[in-house]
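Observations on the model geometry
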Amino acid sequence: MSATWMADPILDVEHLTMRFGGLTAVNDLSFVAGRNEITALIGPNGAGKTTVFNCITGFYKPSEGRLTLRHGQGDTAASIDRLARLTMSGGRHLGRGDDAVFLLERMPENEVTAKARVARTFQNIRLFAGMTVLENLLTAQHNSLMRSSGFTLGGIIGLPSYRRAEAEAVEFARHWLERINLVDRADDAAGELPYGDQRRLEIVRAMCTRPVLLCLDEPAAGLNPRESAELNALLRAICDDGISILLIEHDMAVVMGISDHIVVLDYGEKISDGTPQEVREDPAVIAAYLGIAGDEDAAAQGAAR
């Protein structure tokens with residue numbers, strides 16, 4: 001299959017399997033997420049989508065499989081060599097900057113965020129409701145601010161280097177508040193925002209960690225059509241800025257409207273992988289969403305048309 005995401009993947013999931021005792025939640029899953037693209041991971045409830053996210057972001061350690069994240073292009077001889085050396089050495093990551101390669105299945109959750117630069121949101125909003133909108137975005141920059149403060153001392157005595165870092169953090173937060181039209185509410189408690197604004201604030205809070213890969217778990221859940229349209233525009237703009245997005249979503253209008261590439265799961269296994277048009281017309285996908293199988297597939301495909 002010729003596809004843009006195959007040419008330069010930022011994330012390569014190979015033979016991912018996750019077992020919980022006798023239950024196999026994800027079974028031998030392989031797919032890639034393209035650089036500077038939106039990849040959607042969809043499927044019926046219980047298909048294993050959130051389990052995949054938990055493995056990628058370090059919350060779970062996979063039973064089997066390899067999860068490779070490349071900050072630079074993945075098809076160069078140097079990148080292939082780094083990955084081979086990293087695999088043999090038993091290490092977690094190799095290289096710096098755009099040359100860095102990470103094996104996420106070997107990394108704890110905090111390193112996936114801080115070193116591999118993978119950010120995530122969850123199905124349920126997890127803002128600090130009692131903190132202001134601005135404070136939520138500054139909290140996302142806590143690690144860099146702590147380093148600039150010399151781990152607290154510089155902040156207490158007001159070192160110039162810390163004051164500069166703090167000003168830069170505020171300016172970066174303001175940039176994202178302007179992107180979602182919330183500058184006027186910067187000093188309001190995050191919990192006082194309308195639901196749709198809270199959803200978008202959570203996404204830009206994740207962006208304040210400066211990720212290369214943004215993982216969003218059902219960001220359109222509970223949104224009305226206007227809010228969904230605003231979300232679509234925000235995600236396309238983030239992608240146009242050079243950030244790769246991996247998305248779990250049940251709202252097919254969102255998925256089909258913004259995705260470059262869709263991977264479909266059912267009972268922990270991949271049943272389809274392609275463009276929105278290819279996935280929409282796949283009989284296996286139609287059957288999975290209608291809850292039928294076997295000889296009924298052809299009838300379902302005809303009915304869907």
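The preceding data block contains the structure.
Residues numbered from 1 in each chain as written. Predicted model: local features only at pLDDT ≥ 70, side-chain atom pairs only at ≥ 80, totals over all residues. Heavy atoms only, no water.

**Notes on the overall build of the protein chain**
Broken down by element type, the protein chain carries 14 helices and 11 strands. When burial is assessed residue by residue, the protein chain has 49% of its 305 residues classed as buried. Across the protein chain, contacts joining residues at least 24 apart in sequence account for 66% of those joining residues at least 6 apart. With an accessible surface of roughly 14,300 Å², the protein chain has 51% of that area assigned to carbon and sulfur atoms. (Helix = DSSP H or I, 4+ residues; strand = E, 2+ residues; numbered from the N terminus. Buried < 20%, exposed > 50% of the residue type's maximum accessible area, 1.4 Å probe, protein only. Contact = heavy atoms within 4.5 Å. Areas by Shrake-Rupley, 256 points an atom, 1.4 Å probe, with all protein chains shown as cover.)

**Let's talk about the pattern of salt bridges**
All chains considered together, the criterion is met by 14 salt bridges. Linking K115 and E111 is a salt bridge whose minimum nitrogen-to-oxygen distance equals 3.8 Å. Overlapping salt bridges bring together D197, R200, R226 and E230 as one network. (Salt bridge = Lys/Arg side-chain N within 4 Å of Asp/Glu carboxyl O.)

**What about the pairing of strand β2 (residues 23-34)?**
Pairing analysis gives 8 bridges linking strand β1 (residues 9-20) to β2, with the strands arranged antiparallel. Looking across to β2, one finds that R19 is bridged to T24. In sequence, β1 turns back onto β2 through a hairpin of 2 residues, with G21 there showing a positive phi of about 65°. (Pairing = 2+ DSSP bridges.)

**A short note on the sheet that holds strand β9 (residues 244-248)**
Read from one edge of the open sheet, 6 strands run β7-β8-β9-β3-β10-β11, paired in mixed fashion. Looking along the sheet, the strands with just one partner apiece sit at the ends: β7 (118-120) and β11 (269-274). Between one strand axis and the next, the sheet turns through 15° on average, direction left out of account. The pairing of β7 with strand β8 (residues 213-217) spans 3 bridges and is parallel. Across the sheet, R120 pairs through a bridge with C215, a residue of β8. (Axes fitted to C-alpha atoms, helices over the stretch in contact; angles between N-to-C directions.)

**Section: helix α10 (residues 225-240)**
For α10, which comprises 16 residues, the first-to-last C-alpha distance of 23 Å matches the rise-based estimate of 22 Å (1.5 Å per residue) to within 8%. What α10 keeps buried is the set E227, S228, L231, N232, L234, L235, I238 and C239. The buried residues of α10 occupy an angular sector of 170° when projected down its axis, which confines them to one face. The exposed set on the far side of α10, more than 90 degrees from its buried face, consists of P225, R226 and D240. (Expected span 1.5 Å × (residues − 1). Arc of directions from axis to C-beta.)

**Things to note about the layout of surface pockets**
With a probe scaled to a water molecule rolled over the atoms, the places where space remains empty come into view. Considering only enclosed or pocket space, the largest pocket measures out at about 1,000 Å³ in volume. In terms of lining, the largest pocket is formed by 34 residues, of which the most central are T113, A140, N143, A206 and T209. If you list the elements that add at least two residues to the lining of the largest pocket, you get α4 (109-114), β7, α5 (133-139), α6 (142-148), α8 (160-179) and α9 (195-207). For the lining of the largest pocket, the leading source of residues is α6, giving 6 residues. Considering only residue class, the lining of the largest pocket consists of 12 nonpolar, 12 polar and 10 charged. (1 Å grid on protein atoms, 1.4 Å probe; cavity = no way out; pocket = protein on both sides within 12 Å on 5 of 7 lines; lining within 4 Å. Points joined across faces, edges and corners; volume = space filled by probe spheres on them. Nonpolar A, V, L, I, M, F, W, Y, C, P; charged D, E, K, R; others polar.)

**Digging into the packing of α9 against α10**
The interhelical angle for the contact between α9 and α10, taken along N-to-C directions, is 10°, at an axis separation of 10 Å. Taken together, the axis directions place α9 and α10 in an arrangement best described as roughly parallel. Here α9 runs over α10; the crossing is right-handed. Residues G196, R200, I203 and M207 of α9 touch α10, and the partners they reach there are E227, E230, L231, L234, L235 and I238. The residue makeup of the contact of α9 with α10, split by class, is 6 nonpolar, 1 polar and 3 charged. (Parallel < 35°, antiparallel > 145°, perpendicular 65-115°, else oblique. Left-handed = near helix turned anticlockwise from the far one by under 90°.)

**Re unusual backbone geometry**
Positive phi is not limited to glycine here, since H15 has a value of about 55°. Looking at the secondary structure, you find H15 in strand β1. The class for H15 is partly exposed, based on a relative accessible area of 48%. At E218, a position not held by glycine, the phi torsion is positive, near 55°. Looking at the element boundaries, E218 is found in the loop between β8 and α10.

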